[in-house]
Amino acid sequence: AHKIKHLLFVLLIFPLISLAAVSCTKSGYLIEGEVVGLQKGTLYLSSYHGSKLDKIDSVNFSGGKFKIYLPEDALPGMYRIYWNNNIPEGIDFIFNKENFRFKTHKDSLLSALQILESEENELLYSFLPLKIAIDQFMSLGDRLNREDPFNNKPALIEINNYIDSLEFRAYK
């Protein structure tokens, strides 16, 4: 009788332990990063809906390193991770059913950004310097538009010099 009770106990407890172990393992797509110079805090994962951010999950981190998971049924699209509830201080990334791993520095998030895993984000961030250059060029064009169209020679010279510098950087 004692052996039967012991066997029943083992048969009932083992599935519960197995179930607890399975529920503790994370599944989905890994979002892993290291932000050098960032000590500890809370990291937030949000999805974009137009220009609105919807929080999906959060995790505490220390030493600037974190891991968070997007569920397997997460929709492809643009997402943002940011820390300590400071939305402008974060990284946007494309999610298309692949893991995303990166490393950067807190004082130069984009210029120090290294994509360690994610082909789509490598492409996204390889075009970032061009996007910044186009934004600066558009700003110069807007300024030219606001100025007197008959007296815009200094602005035209500035735009021409800027275009020349873009061509030089593009061929390096």
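Check the entry above for the structure.
This text gives an overview of the structure that appears in the document. (Residues numbered from 1 in each chain as written. Predicted model: local features only at pLDDT ≥ 70, side-chain atom pairs only at ≥ 80, totals over all residues. Heavy atoms only, no water.)

**A closer look at the overall build of the protein chain**
Counting secondary structure elements, the protein chain contains 4 helices and 8 strands. Going from N to C terminus, the protein chain has its helices and strands arranged as α-β-β-β-β-β-β-β-β-α-α-α. Counting all 172 residues of the protein chain, 26% fall into the buried class. Counting only carbon and sulfur atoms, one obtains 60% of the accessible surface of the protein chain, whose full area is about 12000 Å². (Helix = DSSP H or I, 4+ residues; strand = E, 2+ residues; numbered from the N terminus. Buried < 20%, exposed > 50% of the residue type's maximum accessible area, 1.4 Å probe, protein only. Areas by Shrake-Rupley, 256 points an atom, 1.4 Å probe, with all protein chains shown as cover.)

**Things to note about a nonpolar patch on the surface**
A cluster of nonpolar side chains, contributed by L123, F127, L130 and I134, occupies part of the molecular surface with about 410 Å² of accessible area. The class of I134 is partly exposed, set by a relative accessible area of 42%. (Patch = residues over 30% accessible without salt bridge, like charges linked within 9 Å, V, L, I, M, F, W, Y side chains within 5 Å. Salt bridge = Lys/Arg side-chain N within 4 Å of Asp/Glu carboxyl O.)

**Structural notes on unusual backbone geometry**
One non-glycine residue, N84, adopts positive backbone phi at about 50°. The phi torsion at N85 lies on the positive side, around 60°, for a residue other than glycine. Locating N85 in the fold gives a position in the loop between β5 (77–83) and β6 (90–95). What makes N85 partly exposed here is its relative accessible area of 47%.

**Some remarks on the environment of I94**
With respect to the secondary-structure elements, I94 resides in strand β6. For the pair I94 and E119, spaced 25 residues apart in sequence, the C-alpha to C-alpha distance is 9.8 Å. Setting aside residues up to four positions removed in sequence, I94 forms contacts with G77, M78, E120, N121 and L124. (Contact = heavy atoms within 4.5 Å.)

**Some remarks on the pattern of salt bridges**
Opposite charge on two side chains lets them pair, provided their charged atoms get close. Enumeration over the complete set of coordinates arrives at 5 salt bridges. Across the pair E32 and R101 runs a salt bridge whose closest N-O atoms are separated by 3.3 Å. Note that E32 is positioned in strand β1 (residues 29–36) and R101 in strand β7 (residues 100–105), a separation of 69 residues in sequence. In this structure, E117 engages R101 in a salt bridge whose closest nitrogen and oxygen atoms are separated by 3.6 Å.

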